[in-house]
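# Topology and contacts: notes
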Amino acid sequence: MAKKIVILNGSPRPTGNTSALTARFKAGAEASGNQVTEFQLSRMKINGCLGCWRGGKDIDHPCTQRDDMEQIYPVYREADVVVLASPLYYWFISGFLKNAFDRLFAIAESGPNTRNPKKECVLIMAAEGAGFEESEHWYDHLEKHIGWKSIGKILCGWVTQPGDIEGKPELEQAYELGKSIH
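Figured I'd write up the structure that's included with this text. (Residues numbered from 1 in each chain as written. Predicted model: local features only at pLDDT ≥ 70, side-chain atom pairs only at ≥ 80, totals over all residues. Heavy atoms only, no water.)

## Some words on the sheet that holds strand 5 (residues 149–156)
- The strand order 2-1-3-4-5 describes an open sheet built from five strands, whose pairing is parallel. Each having just a single partner strand, strand 2 (35–40) and strand 5 make up the two edges of the open sheet. The average undirected angle you get between the axes of adjacent strands in this sheet is 15°.
- Pairing between strand 1 (residues 4–9) and strand 3 (residues 81–87): five bridges, direction parallel. Residue pairing for strand 3: N9 is matched across the bridge by A85.
- Helix-sheet contacts for helix 6 (residues 169–179) involve strand 4 (120–126) and strand 5, and the interaxial angle to strand 5 is about 160°. (Pairing = 2+ DSSP bridges. Helix = DSSP H or I, 4+ residues; strand = E, 2+ residues; numbered from the N terminus. Axes fitted to C-alpha atoms, helices over the stretch in contact; angles between N-to-C directions. Contact = heavy atoms within 4.5 Å.)

## Describing the environment of G147
- Topologically, G147 is positioned in the loop between helix 5 (133–146) and strand 5.
- Counting along the chain gives 29 residues from G147 to K118, while the straight-line C-alpha distance between them is 6.2 Å.
- Discounting residues that sit within four places of it in the chain, G147 has contacts with K118 and L142.

## A few points about the nonpolar core
- Counting 32 residues, the largest nonpolar core has L8, L41, I72, L84, F101 and L104 as the members making the most contacts within it.
- Where this core is concerned, the elements lending two or more residues are strand 1, helix 2 (69–78), strand 3, helix 3 (95–103), helix 4 (105–110), strand 4 and helix 5.
- Counting residues in hydrophobic clusters, the runner-up holds 21 residues, among them A20, F25, A126 and I154. (Core = buried A, V, L, I, M, F, W, Y, C linked by side-chain atoms within 4.5 Å. Buried < 20%, exposed > 50% of the residue type's maximum accessible area, 1.4 Å probe, protein only.)

## A few points about unusual backbone geometry
- We note that W53 has phi near 60°; this positive angle belongs to a residue other than glycine.
- Structurally, W53 is set in the loop between strand 2 and helix 2.
- Even without glycine at this site, W91 takes up a positive phi of about 70°.
- With respect to the helices and strands, W91 occurs in the loop between strand 3 and helix 3.

## A short note on the environment of T15
- Checked against the element boundaries, T15 lands in the loop between strand 1 and helix 1 (17–31).
- Along the backbone, T15 and P162 are 147 residues apart, and their C-alpha atoms lie at a distance of 6.5 Å.

## So, the state of the cysteines
- This model, assessed by the stated rule, comprises zero disulfides.
- Considering cysteine sulfurs only, C52 is the nearest to C63, which forms no disulfide, with 6.1 Å between them. (Disulfide = S-S within 2.5 Å.)

## Some remarks on the side chain of T18
- Within the secondary structure layout, T18 lies in helix 1.
- Ignoring sequence-local partners within four residues, the contact set of T18 consists of N9, S11, A85, S86, P87 and A126.

## Details of the packing of aromatic side chains
- Summed over the entire model, instances satisfying the criterion amount to six aromatic pairs.
- When the centroid spacing of 5.0 Å and the interplanar angle of 80° are considered together, the rings of W53 and F105 count as edge-to-face. Placement of the pair is W53 in the loop between strand 2 and helix 2 and F105 in helix 4, with a sequence separation of 52 residues.
- In this structure W53 comes out as exposed when scored by relative accessible area, which is 57%.
- For the pair Y90 and W91, a centre-to-centre distance of 5.7 Å together with 70° between the ring planes defines the contact as edge-to-face.
- Through pairs of rings, three or more aromatic residues link up here, namely Y76, F92, F101, W138 and W148. (Phe/Tyr/Trp six-rings, centres within 6.5 Å; stacked < 30°, edge-to-face > 60°.)

And the structure:
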């Protein structure tokens, strides 16, 4: 059965290495009949979470702030799979992705006992080096604490400039991971 997939792409480079990975993942997922929506977070106006605990009261506007997260909320709510995509910045995900992800708490506030909706998830990252441990630690604990189920990680190191990823096996791995989703 086809699934709805949302990609939260935290790369500032629309033609960079992280975006090359998400493009291959998306191509594979769509080849299997899935519906994929990708958000280029760096091109959106997304404020940081205020920690106000006042979200979740209006289904159409889950957060008290009004910005481009309002485009993401309905797609995220309906998604079966959430792809967290980011370049590695100082051994962690980019601020663009962290900001948007923190704001998803407004959806959790909409549910009983501020529980996050159950989702499957994927982590996609590219880096100039290969130190993904802190990001993997965060992702693994996130999955456990909010009750999500990871269906894969694509971590591509040693890619600095856009295009460095060409010929890397991670591109095919991203395609196959997307294609495996049914």
